[in-house]
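Structural description and commentary
These are the residues of each chain, in order.
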There are 2 protein chains.
Amino acid sequence: MNFLEEKILADGIVKEGNILKVDNFLNHLIDMDIMDQIAQEFKRRFNDKEVTKILTIEASGIAIACTTARYFGNVPVLFAKKSHSVNVDDDKYTAQAYSFTHKQMNQVFVSKRYLSAGDKVLIIDDFMAQGSAMLALTSLVEQAGAEVVGIGIAIEKGVQEGGELIRAKGFQLESIAIVDDMQASPRTIKFRDQNN
Amino acid sequence: MNFLEEKILADGIVKEGNILKVDNFLNHLIDMDIMDQIAQEFKRRFNDKEVTKILTIEASGIAIACTTARYFGNVPVLFAKKSHSVNVDDDKYTAQAYSFTHKQMNQVFVSKRYLSAGDKVLIIDDFMAQGSAMLALTSLVEQAGAEVVGIGIAIEKGVQEGGELIRAKGFQLESIAIVDDMQASPRTIKFRDQNN
């Protein structure tokens, strides 16, 4: 079992409705030591890749993306936004993503000026279930004519279809922990054996 | 002139309506070298403080908060959220904040379990104008019976009242760059002399 699987077993909370709550170390209160270990593990798994930019999506992905950037020579981090604001350029790449957490469709976007055809993009996020947000991010990269060199996820919910969808498209998807089964009562969490 | 003032002069865009756009290095595309310098400067200015937790608000504050945490012994980062979601506990501290960027009132909140009476909290954010979000964060800390040891802001818009309000309340507010005057055309940006 790796460090993240151990942390999930120790501190993750399973709730009815297929919800894994990890807001005590990953996406509300952030354990920076765990972040650092996640970042180093992404570096290990994508060590052979040339990366010019890390792309994530607000909000909690920003923590992992910024920590990961340190291990890839402090490359810039770009985060896709979910809502319009007066501070964002009209010239955007946009895609649709369904949020499992908020139960709504979001338009996600990045300003065109920050993704270019020459970019080699590592996509990073904390959580993946249906994979809708990750597919939206790959679409933004493709719209820019840039290249997705890999997708790094801290926790993948293997019972949902996101992982399968994204791997079927040929992307190198690396999830540090894949939860294949879980149950609220009695509390059980089963991880996929990844032989890493 | 310090590194951040130089960066703003070089890359910041002033738009009509008192808008300073820094999304090319601070709050959309994130320049990790600048982040690192900001974090080190916060460490220098709050070096005498005991800090048990860093508090910020989603989304762009997360980048600076996580980078800053490294210089304070990897203390946990807590980010206040702006919307309800199925993954957040009902047991919250809440406060109201007006968003200048989005022109709307937000309810901001943190789960009660992640702020405790013993916490010594350094509040960090990328931008401050009216100070509404910062006042909301100090309210969350006070509701928990915890202590605000300082407030670190990358860019303060000194023409708006936030800085004055917060300093009048006795908080140690440290802004790395304070924009006292700006104009879109001809483009001028004037910084407050802080003698730092």
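Thresholds applied
- Residues numbered from 1 in each chain as written.
- Chains lettered and ligands numbered in written order.
- Predicted model: local features only at pLDDT ≥ 70, side-chain atom pairs only at ≥ 80, totals over all residues.
- Heavy atoms only, no water.
- Helix = DSSP H or I, 4+ residues; strand = E, 2+ residues; numbered from the N terminus.
- Buried < 20%, exposed > 50% of the residue type's maximum accessible area, 1.4 Å probe, protein only.
- Polar contact = N/O pair within 3.5 Å; in protein donor to acceptor, adjacent residues only side chain to side chain.
- Pairing = 2+ DSSP bridges.
- Contact = heavy atoms within 4.5 Å.
- Axes fitted to C-alpha atoms, helices over the stretch in contact; angles between N-to-C directions.
- Parallel < 35°, antiparallel > 145°, perpendicular 65-115°, else oblique.
- Left-handed = near helix turned anticlockwise from the far one by under 90°.
- Core = buried A, V, L, I, M, F, W, Y, C linked by side-chain atoms within 4.5 Å.
- Disulfide = S-S within 2.5 Å.
- Least-squares fit on C-alpha atoms with pLDDT ≥ 70 in both.
- Buried area = accessible area lost by both parts, 1.4 Å probe.
- Salt bridge = Lys/Arg side-chain N within 4 Å of Asp/Glu carboxyl O.
- Nonpolar A, V, L, I, M, F, W, Y, C, P; charged D, E, K, R; others polar.
- 1 Å grid on protein atoms, 1.4 Å probe; cavity = no way out; pocket = protein on both sides within 12 Å on 5 of 7 lines; lining within 4 Å.
- Points joined across faces, edges and corners; volume = space filled by probe spheres on them.
- pLDDT = per-residue confidence, 0-100.

Overview of the side chain of Asp23 of chain B
- When you line up the elements, Asp23 of chain B lands in the loop between strand 2 (19–21) and strand 3 (29–30).
- Residue Asp23 of chain B is classed as buried on the basis of its relative accessible area of 2%.
- A distance of 2.7 Å separates a polar atom in the side chain of Asp23 of chain B from a polar atom in the side chain of Tyr114 of chain A.

Some remarks on the sheet that holds strand 3 (residues 29–30) of chain A
- Pairing is mixed in the open sheet, where 7 strands are placed in the order 3(A)-5(B)-4(B)-8(B)-9(B)-10(B)-11(B). Only two strands of the sheet have a single partner each, and these edge strands are strand 3 of chain A together with strand 11 (188–191) of chain B.
- When strand 9 (residues 147–157) of chain B meets strand 10 (residues 173–183) of chain B, the two strands line up parallel, connected through 6 bridges. Directly across from Ile155 of chain B, in strand 10 of chain B, lies its bridge partner Ala177 of chain B.

Structural notes on the sheet that holds strand 11 (residues 188–191) of chain A
- Taking strand neighbours across the sheet as the criterion, the 7 strands line up as 11(A)-10(A)-9(A)-8(A)-4(A)-5(A)-3(B) in an open arrangement whose pairing is mixed. The open sheet has two edge strands, strand 11 of chain A together with strand 3 of chain B, and neither has a second partner.
- With 3 bridges connecting them, strand 4 (residues 53–57) of chain A and strand 8 (residues 120–128) of chain A associate as parallel partners. Across the sheet, residue Leu55 of chain A finds its bridge partner in strand 8 of chain A, namely Ile123 of chain A.
- Of the strands in this sheet, strand 8, strand 9 (147–157) and strand 10 (173–183) of chain A touch helix 2 (residues 32–45) of chain A, which is tilted by about 120° from strand 10 of chain A.

Section: the packing of helix 3 (residues 61–69) of chain A against helix 3 (residues 61–69) of chain B
- Following both chains from N to C, one finds helix 3 of chain A and helix 3 of chain B inclined at 50°, their axes separated by 9 Å at the closest point. Judged by the inter-axis angle, helix 3 of chain A sits oblique to helix 3 of chain B. Here the hand of the crossing between helix 3 of chain A and helix 3 of chain B comes out right-handed. In this structure, helix 3 of chain A contributes Ile62, Ala63 and Cys66 of chain A to the contact, and helix 3 of chain B contributes Ile62, Ala63 and Cys66 of chain B.

Some thoughts on the nonpolar core
- With 77 residues, the main nonpolar core has Leu4 and Ile38 of chain A together with Leu4 of chain B as its most contacted residues.
- When near neighbours in sequence (up to four residues on either side) are disregarded, Ile38 of chain A contacts Phe3, Leu4, Leu26, Ile64, Ala154 and Ile176 of chain A.

Quick word on the state of the cysteines
- In this structure the tally under the stated criterion is 0 disulfides over all chains.
- Cysteine Cys66 of chain B shares no disulfide, and the gap to the nearest cysteine sulfur, in Cys66 of chain A, comes to 6.9 Å.
- What makes Cys66 of chain B buried here is its relative accessible area of 4%.

A look at the relation of the copies chain B and chain A
- The operation relating chain B to chain A is a screw motion whose rotation component is 180°, with 0.0 Å of axial translation and a residual RMSD of 0.0 Å. Such values leave the two copies arranged in the relation of a two-fold axis. Distance from the rotation axis, computed per C-alpha, reaches its smallest value in chain B at Ala59 of chain B: 2.4 Å.
- A shared binding surface is used by both copies, with 100% of the interface residues of chain B retained as interface residues in chain A.

Quick look at the interface of chain B and chain A
- In this complex, chain B contributes 41 residues to the contact, which on the side of chain A involves 41 residues.
- Summed over both sides, the interface between chain B and chain A buries roughly 3,700 Å², with carbon and sulfur atoms accounting for 59% of that surface.
- On inspection of chain B and its partner chain A, the count reaches 0 salt bridges.
- There are 14 residue pairs in polar contact (both at pLDDT 80 or more) connecting chain B and chain A.
- Every element with two or more residues in the side of chain B that touches chain A is listed here: strand 2, strand 3, helix 2 (32–45), helix 3, strand 5 (77–80) and strand 7 (104–111) of chain B.
- No other element matches the 4 residues that helix 3 of chain B contributes to the side of chain B that touches chain A.
- Grouping the constituent residues of the side of chain B that touches chain A by class yields 19 nonpolar, 12 polar and 10 charged.
- Note: strand 5 (residues 77–80) of chain A against strand 3 of chain B, 2 bridges, orientation antiparallel. Following the sheet pairing, Leu78 of chain A is matched in strand 3 of chain B by Leu29 of chain B.

As for helix 3 of chain B
- Summarising burial for helix 3 of chain B: 9 of the 9 residues are buried, a large majority.
- All of the buried residues along helix 3 of chain B are Gly61, Ile62, Ala63, Ile64, Ala65, Cys66, Thr67, Thr68 and Ala69 of chain B.

Concerning the layout of surface pockets
- Here the second largest pocket is characterised by a volume of approximately 150 Å³.
- Classifying every residue of the lining of the second largest pocket by side-chain character gives 3 nonpolar, 4 polar and 4 charged.

Quick notes on the pattern of salt bridges
Residues and elements named next belong to chain B.
- Tallying each qualifying case throughout the model produces 24 salt bridges over all chains.
- In this structure, Arg70 and Asp36 form a salt bridge, with 3.2 Å as the shortest nitrogen-oxygen distance. With Arg70 in the loop between helix 3 and strand 5 and Asp36 in helix 2, this residue pair connects regions lying 34 residues apart in the sequence.
- The salt bridge involving Arg167 is made with Glu156; its shortest N-O contact spans 2.9 Å. Of this pair, Arg167 sits in helix 5 (residues 162–168) while Glu156 sits in strand 9, and the two are 11 residues apart along the sequence.

So, the confidence of the model for chain A
- Across chain A, the average pLDDT comes to 93, with 96% of residues at 70 or higher.
- Among the scores for the predicted complex, ipTM is 0.94 and pTM is 0.95.

What about unusual backbone geometry?
All names here are of chain A.
- Of the consecutive residues Glu58 and Ala59, the connecting peptide bond is found in the cis state with omega at 0°.
- One can find Ala59 in the loop between strand 4 and helix 3.
- Even without a glycine there, the phi angle at Asn74 is positive, about 55°.
- Note on placement: Asn74 falls in the loop between helix 3 and strand 5.

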